[in-house]
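Given next are the chains, with one letter for each unit.
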Amino acid sequence: MSAKTAAEIRKQVERFLPKVLKPSRYLGSEWNSERKDWELTRVHMAFAFPDVYEVGMSHLGTRILYHLVNSYENFLCERVFAPWLDMEEKMREREIPLYALESYRPVKDFDVLGFTLQYEMSFSNILNMLELAGIPLRTKDRGPQHPWIIAGGPCAYNPEPLAPFVDFFMLGESEETLPELLKLIEKQKENPVAREEFLLKVTQIEGAYVPEFYEVHYQEDGRIKKIEADPRVPQTIEKAIVRDLDGAFYPTNPIVPYMEIVHDRMMLEVMRGCSRGCRFCQAGMLYRPVRERSPETLLRHAEELVKSTGYEEISLTSLSTGDYTCIQPVVRSILDKYSEDKVSVSLPSLRLDSFDVKLAEEVQKVRKSGLTFAPEAGTQRLRDVINKGVTEENLLQATESAFKAGWSTIKLYFMIGLPTETQEDLNGIVSMAKKVVELGTRMGRRNVTVTVSTSSFVPKSHTPFQWEPQEGMASLEQKQKYLREKLRDRRIKYNYHDVKTSYLEAVFAKGDRRLADVLERAVKEGCKFDGWSEHFKYETWLQSLEELGLDPHFYANRAMDYDDVLPWNHLASGVSKRYLVGEHHQALKEITTKDCRYIDCTGCGICTDRGIQIDLKG
Amino acid sequence: MSVLRVRIAYTKLEEAKYIAHLDLARVFERSIRRAGIRMAYSEGFNPHPKIAFGSALAVGVEGEREYVDIELQQDMDLKEIIGRLQEQLPSGIRLIEGRVVAQGTKALMAVLNAASYRITVPLGLPVSEERLQEGITAWLRRGQVPYTRYSKKGWVEKDIRPWIKELTGRIQGDEAVFELEVEVGNQGSVRPEEVIASLCDLENLPLDLDGLNTKRTGIYVSYEGQKFSPMEHEAIGK
């Protein structure tokens, strides 16, 4: 691609912008967007979310890091998202390289291009964006004139399929480590040292993983023999943790998009981490330990947010907001303070007890749009296996209070294909849905609607189920068909996820470095936006795997041994292998483990040796 | 409770032209909240702020003088409202003037019935001034102008001529500049780019329609052959 200046790009883009879908995705001039002077700042970072604008702008982490970097006088941070297909086509026709939203400057001109890895199905978009930017995909083909390609987020805990493309990954929470890294880059710009020497310095930052210092050896049967670390770098990379969440940077002047985005509201992050210990849940393992923010801090954030955004809704976010110890006083204070301004409160994640329904009733005084519960499994036995600490009684009580309070739409989330699942567990989903429907009808609610959604279990790294195989596609499809038939009732809606997407997600979730070639080939063949079912090209993925001689079943459907060297063996979430193995055993024995915030330490290993502990404010 | 109703004339220029009509209501609502001005809300289960616009502008079309009615639950000096709100609006939306209107004044949507546009189109091939005037005259002389539009229901043909009140044009450098005035009503209207596309097609004018740029120069209350601004007393009274 020819070198184009920001002004030239802007001029060309303006000509066709009225003709693309939702042009306000590409304006970069939204309220509270940051415009810093390129010449007056020393390190320039482009923060990339490898999906479309309205998805990326809904992500709290992206917003935190964008404003964090810009809060430093010497650093500039601009945003870039995956252009939607029509926009990409127009850009390619005119040889317009991928540019940053705020200044229209090509991302190629930045010092750092940082991707956030939220889900495996966005990997193809990362390569596509690099290609669109005119940046060589592979680390080895890039030179000092190119930006450092870095990545973080949950998928950085198994980033091996991206290893040849990314210079280094940042594991864990990077409010403290990202500025440290940018300072290092600033020094590198002033006094450049050789690439290897610079990367060695990077490895000294908490959570920084430079894949080229780790060599993977394979056995003949395809399993990993060993992961050999360069003697100059740590054997294992430990994630970075923010120790004082209450004092950590939090942006109270977030961008207010012109268009309606997926989560179009103020976000109040009440805590980080969740210690409920659901055994399938990767976030529950990765973000330990639980750290809460104090009500005083949250109320200050709320006040500043309302003033700076003008939003009409405030969402109390975390992995499990119902567990926040000061939830009631915080909700009450916000409602009291802002009801005149018609600012409402929403709680995105609720537990299955009547306490939460009361809370929901309070925050949704007028709108009874729908209440969501996630029992995850249909029988008590299977809920014990996955350590989802709720009972059918909890669910029925909660839905009863919801119906009583005026709700008539209940959504129920389940997973199918969980380890040890039997026919009885499927029947359990059916009977639960029917019981809820009958309850609602009996209680005189008209238009009772119960929406049942099932997703297919995808084993994720760093969880007690990481050794588990994913169930075969044919069998999962049969289960979906069975549920579809059994849930035929005009009051019940049944939604389910595409099995093929979940299969490929499992391949990459458990994948190793050899998948990098597959990824590159699939992207060359046009794969992108794989998370959008209408753009997912399953056949192309299969062909790519086949051509490179890799068997997707090997990754997705193989039970791994505790002794196997896992592709992420050298990356540590802080939760010990011993704990994960123990939890896996308990799962198979159908024994639950209690939440450590209520009883004794469960020995997951996150707090020991880190000078950190769970931090509750209530 | 609504205490005060103000009518404001504003521009929607530059990047603001990309804000879709539905999003514009949210942009105003949030700006007003940031400005610390208390809006009045509708009654009912799902209260909405009482903000009402004139007629919608298509995405990508600039507006030199658009109108919005806002109802407040507090009495406030008009100058202060405008000053505080202006600070919170995205660039491109400039408040031109405002006035207090009586409660019960007809909604903008109900009174605005004419709009004027300036359309600039690059010349594909050289066109003389004379040739352009001939084309416009011939086009206007047509009793009916069928135009096929793609809608949700598929391709629909309709006669666009009845909507046209006035069309003039001139050559300016390597562009043709048109001034168009159309009727706006409950039964819909005609889009400026349709008029120019039809003109080029039927009168064989070689204009580069890909580079067409539209600006709405005003919307009016047309009454007994006279044009009023909705800010004028005469129009409000009607």
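Residues numbered from 1 in each chain as written. Chains lettered and ligands numbered in written order. Predicted model: local features only at pLDDT ≥ 70, side-chain atom pairs only at ≥ 80, totals over all residues.

A.B. asks: Sorry if this is basic, but what is going on with the overall build of chain B here?
C.D. replies: The number of helices and strands found in chain B is six helices and eleven strands. Along the longest, intermediate and shortest principal axes, the C-alpha atoms of chain B span 60 × 35 × 35 Å. The long-range share in chain B, meaning contacts at least 24 apart out of those at least 6 apart in sequence, stands at 74%. (Helix = DSSP H or I, 4+ residues; strand = E, 2+ residues; numbered from the N terminus. Contact = placed C-beta atoms within 7 Å.)

A.B. asks: What should I look at first to understand the overall build of chain A in this one?
C.D. replies: Secondary structure summary: chain A contains 20 helices and 19 strands in total. Compactness check: chain A gives a C-alpha radius of gyration of 24 Å against a globular reference of 25 Å for 618 residues, within 12% of the reference. Over its C-alpha atoms, taken along the principal directions, chain A stretches across nearly 70 × 65 × 50 Å. Residue burial in chain A is summarised as follows: out of 618 residues, 49% are buried. When contacts within chain A are restricted to residue pairs at least 6 apart in sequence, long-range pairs at least 24 apart make up 78% of them. (Rg over C-alpha atoms; globule rule 2.2 N^0.38 Å. Buried ≥ 20, exposed ≤ 12 C-beta atoms within 10 Å, placed from the backbone.)

A.B. asks: Hey, could you run me through the environment of A:Asp264 in this one?
C.D. replies: Locating A:Asp264 in the fold gives a position in the loop between β9 (237-238) and β10 (266-269). Along the backbone, A:Asp264 and A:Ser315 are 51 residues apart, and their C-alpha atoms lie at a distance of 9.6 Å.

A.B. asks: What is the right way to look at the pairing of strand β1 (residues 4-12) of chain B in this model?
C.D. replies: The two faces of the sheet receive side chains in turn, since in a regular strand these alternate between them. Residue and element names in this part refer to chain B. Relative to strand β3 (residues 62-72), β1 runs antiparallel, the two being bridged by eight bridges. Within β3, the position partnered with Val6 by the bridge is Ile70. Sheet topology note: the β1/strand β4 (residues 95-100) ladder contains five bridges and is antiparallel. Its bridge partner being in β4, Ile8 is matched across the sheet by Gly98. (Pairing = 2+ DSSP bridges.)

A.B. asks: Is there a simple way to think about the domain arrangement of chain B in this case?
C.D. replies: Where interface size is quoted, it is often the accessible area lost as the parts come together. Residue and element names in this part refer to chain B. Each assigned domain of chain B is listed here: domain 1 (4-110) and domain 2 (114-228). Here domain 1 and domain 2 have C-alpha centroids that lie 29 Å from each other. If you look at the interface, domain 1 gives ten residues, while domain 2 gives nine residues. Looking at the side of domain 1 that touches domain 2 residue by residue, the class counts come to four nonpolar, three polar and three charged. (Domains from an automatic or database assignment. Nonpolar A, V, L, I, M, F, W, Y, C, P; charged D, E, K, R; others polar.)

A.B. asks: Could you clarify how one ought to interpret the interface of chain A and chain B in this entry?
C.D. replies: Chain A puts 19 residues into the contact, and the matching count from chain B is 17 residues. Residue classes in the side of chain A that touches chain B are distributed as ten nonpolar, four polar and five charged.

A.B. asks: Help me understand unusual backbone geometry in this model?
C.D. replies: Excluding glycine, most residues fall at negative phi; most peptide bonds, likewise, are trans. Residue and element names in this part refer to chain A. Along the chain, Arg288 connects to Pro289 via a cis peptide bond; the corresponding omega equals -10°. Summarising the element assignment, Pro289 is placed in the loop between α8 (282-286) and β12 (291-292). Its identity as a non-glycine residue notwithstanding, Lys342 has a phi of 55°, on the positive side. Using a count of 16 C-beta atoms within 10 Å as the deciding quantity, one classes Lys342 as partly exposed. Located in the positive-phi region is Glu590, a residue other than glycine, with phi close to 60°. With respect to the helices and strands, the residue Glu590 is situated in the segment after α20 (577-588).

A.B. asks: Can you help me understand the sheet that holds strand β1 (residues 43-49) of chain A in this one?
C.D. replies: Note on sheets: strands pair through backbone hydrogen bonds, and any given pair is parallel or antiparallel. Residue and element names in this part refer to chain A. Taken in spatial order, the six strands of this open sheet run β2-β1-β3-β4-β5-β6, and their pairing is mixed. At either margin of the open sheet sits one strand with a lone partner, and together these are β2 (75-81) and β6 (208-209). With respect to the sheet, helix α3 (residues 60-70) is in contact with β1, β2 and β3 (112-116), its orientation differing from that of β2 by roughly 150°. Each of β1, β2, β3, β4 (148-152) and β5 (168-170) touches helix α6 (residues 177-190); the most contacted strand, β1, lies at about 135° to it. (Axes fitted to C-alpha atoms, helices over the stretch in contact; angles between N-to-C directions.)

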